[in-house]
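Notes for the structure review
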Amino acid sequence: MANRKINWYKYSSPANFYPLAGKLIPWFAIPAAILFIAGLYVGFFVAPTDFQQGDAYRIIFIHVPAAWMGMFLYVLMAGYAGIGWAFNARLASMMATSLSITGAMFTFLSLVTGSLWGKPTWGTWWVWDARMTSTLILMFLYIGFISLQSAIDEHRRADRAGAVLALVGVVNIPIIYFSVQWWNTLHQGATIRLLGKPTMAPTMVAAMLIMLAACWMYSVAVVLIRVRCIILERERNTGWLTEPVARGEATHFTGAESI
Amino acid sequence: MSWSEFFSMGGYGFYVWGSYAVTLIALGGEVIFLLRRKKNLTSRPDLDRHHSSESDNYENQA
């Protein structure tokens, strides 16, 4: 603690980030709950029935946000893993580990809900279509990252190995995103584009975007809770954890009691 | 629209509610698992100063 000179890096230290993360969690968890309720309300009670797919399309309100989160969180995870590796920043590596679980969960959900949507509309649970196959590869990349990290006992070595895998795997993200344009796929094209009008009714788009915001808030909250657990697990023996902040008895870490 | 109509989702009830049920289980499960993990960690006796006297940072020794 004593040789920390530059204040900008204050929160790159787990000891300082730990109480900050604790304070931030409710600011994401509560909006997440509100947005989930609002998104489901708009999705089920405001958005109209689709003229082609009937009510089956309502799976979109969780399927598309889950698929996007799977991709976003992967890029974020790889970014943190890369920073942790390049700058030897252990908190960034812990963030990558924390993100991997939530990212894998959203990717899993996008595959399962996609399958549940495919059965009534395409007549099949699964096809080896470009988008679905590349999303399955994303799932395997997450599983690979998680298993590789848990197979290596020394944390920093596990972080470095995971970073290599995560960064190489980033190449899969544009493949998923553009798969519906590059190949002739069974999966439909993008319903929302950065440029141009969405191909859905405005209330449908609204429900989807509210659900996406809810998923973001949820992800930040759980990733912060998990990174706090990881900090506790990894830094159990480093001394600062025995101090009042870590024990929930004070709100500010001063470093004055540092051993 | 009646509630039974609402739950049948025009015949797609299994797929629509199945999707949301899986999502609820996954998200809820993640939260419950995490809060339990957190609780186990913060109630650990070895976080107590008296019990961590032999606590050289093993990570730095590698």
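Source: prediction; values computed, not measured. (Residues numbered from 1 in each chain as written. Chains lettered and ligands numbered in written order. Predicted model: local features only at pLDDT ≥ 70, side-chain atom pairs only at ≥ 80, totals over all residues.)

You can see T191 of chain A is positioned in the loop between α6 (172–182) and α7 (202–234). Put simply, T191 of chain A and V205 of chain A are 14 residues apart on the chain and 8.8 Å apart in space, counted from C-alpha to C-alpha. (Helix = DSSP H or I, 4+ residues; strand = E, 2+ residues; numbered from the N terminus.)

Take the interface of chain B and chain A next. Quoted interface sizes are often the accessible area lost when the parts come together. Between chain B and chain A, the contact holds 28 residues from the first and 32 residues from the second. A total of 15 residues in the side of chain B that touches chain A trace back to one element, the largest contributor, which is helix α2 (residues 13–42) of chain B. Classifying every residue of the side of chain B that touches chain A by side-chain character gives 14 nonpolar, seven polar and seven charged. (Contact = placed C-beta atoms within 7 Å. Nonpolar A, V, L, I, M, F, W, Y, C, P; charged D, E, K, R; others polar.)

Of note in the backbone geometry, N88 of chain A takes a positive phi value of approximately 55° without being a glycine. Tracing the chain through its elements places N88 of chain A in the loop between α2 (60–86) and α3 (90–122). According to the C-beta neighbour criterion, N88 of chain A is exposed, with 12 such atoms within 10 Å. At M9 of chain B, a residue that is not glycine, the phi angle is positive and equals roughly 50°. Turning to its location among the elements, M9 of chain B is positioned in the loop between α1 (3–8) and α2. By the C-beta count within 10 Å, which is 19 here, M9 of chain B ends up partly exposed. (Buried ≥ 20, exposed ≤ 12 C-beta atoms within 10 Å, placed from the backbone.)

Before going further, it helps to examine the packing of helix α4 (residues 130–151) of chain A against α6 of chain A. Residues and elements named next belong to chain A. Here α4 crosses α6 at 160°, and the two axes come no closer than 8 Å. Viewed along their axes, α4 and α6 adopt a mutual orientation that is roughly antiparallel. Our pair here, α4 against α6, has a crossing hand that is left-handed. Residues A130, R131, S134, T135, I137, L138 and L141 of α4 lie in contact with α6, whose contacting residues are N172, I175, I176, S179 and V180. For the contact of α4 with α6, the residue count by class is seven nonpolar, four polar and one charged. (Axes fitted to C-alpha atoms, helices over the stretch in contact; angles between N-to-C directions. Parallel < 35°, antiparallel > 145°, perpendicular 65-115°, else oblique. Left-handed = near helix turned anticlockwise from the far one by under 90°.)

Moving on: the confidence of the model for chain B. Caution is warranted with low-pLDDT regions, since their predicted coordinates should not be read in detail. Residues and elements named next belong to chain B. Confidence in the prediction of chain B, expressed as mean pLDDT, is 77, and 68% of residues score 70 or more. Per-element confidence in chain B is highest for α2, whose mean pLDDT is 94, and lowest for helix α3 (residues 58–61), whose mean pLDDT is 44. The low-confidence segment residues 48–62 (pLDDT under 50) makes 15 contacts with residues lying over four places distant or belonging to another chain. For this predicted complex, the interface confidence reaches an ipTM of 0.83, while the overall pTM sits at 0.85. (pLDDT = per-residue confidence, 0-100.)

Counting residues in each nonpolar core, the largest one holds 69 residues, and the members touching the most others are I59, M77, M211 and A214 of chain A. Elements with a contribution of two residues or more to this core: α1 (14–46), α2, α3, α4, α5 (155–169) and α7 of chain A together with α2 of chain B. In terms of residue count, α7 of chain A provides more of this core than any other element does, 19 residues in total. In this structure M211 of chain A touches G39, G43, F61, I62 and P65 of chain A, once residues within four positions along its chain are discounted. (Core = buried A, V, L, I, M, F, W, Y, C linked by C-beta atoms within 7 Å.)

Here we take up the environment of L73 of chain A. Residues and elements named next belong to chain A. Among the structural elements, L73 can be located in helix α2. Look at L73 and you get buried, because 24 C-beta atoms sit within 10 Å. Along the sequence, L73 and T113 sit 40 residues apart, while their C-alpha atoms lie 18 Å from each other. Here L73 is in contact with L99, T102, G103, F106 and S219, once residues within four sequence places are set aside.

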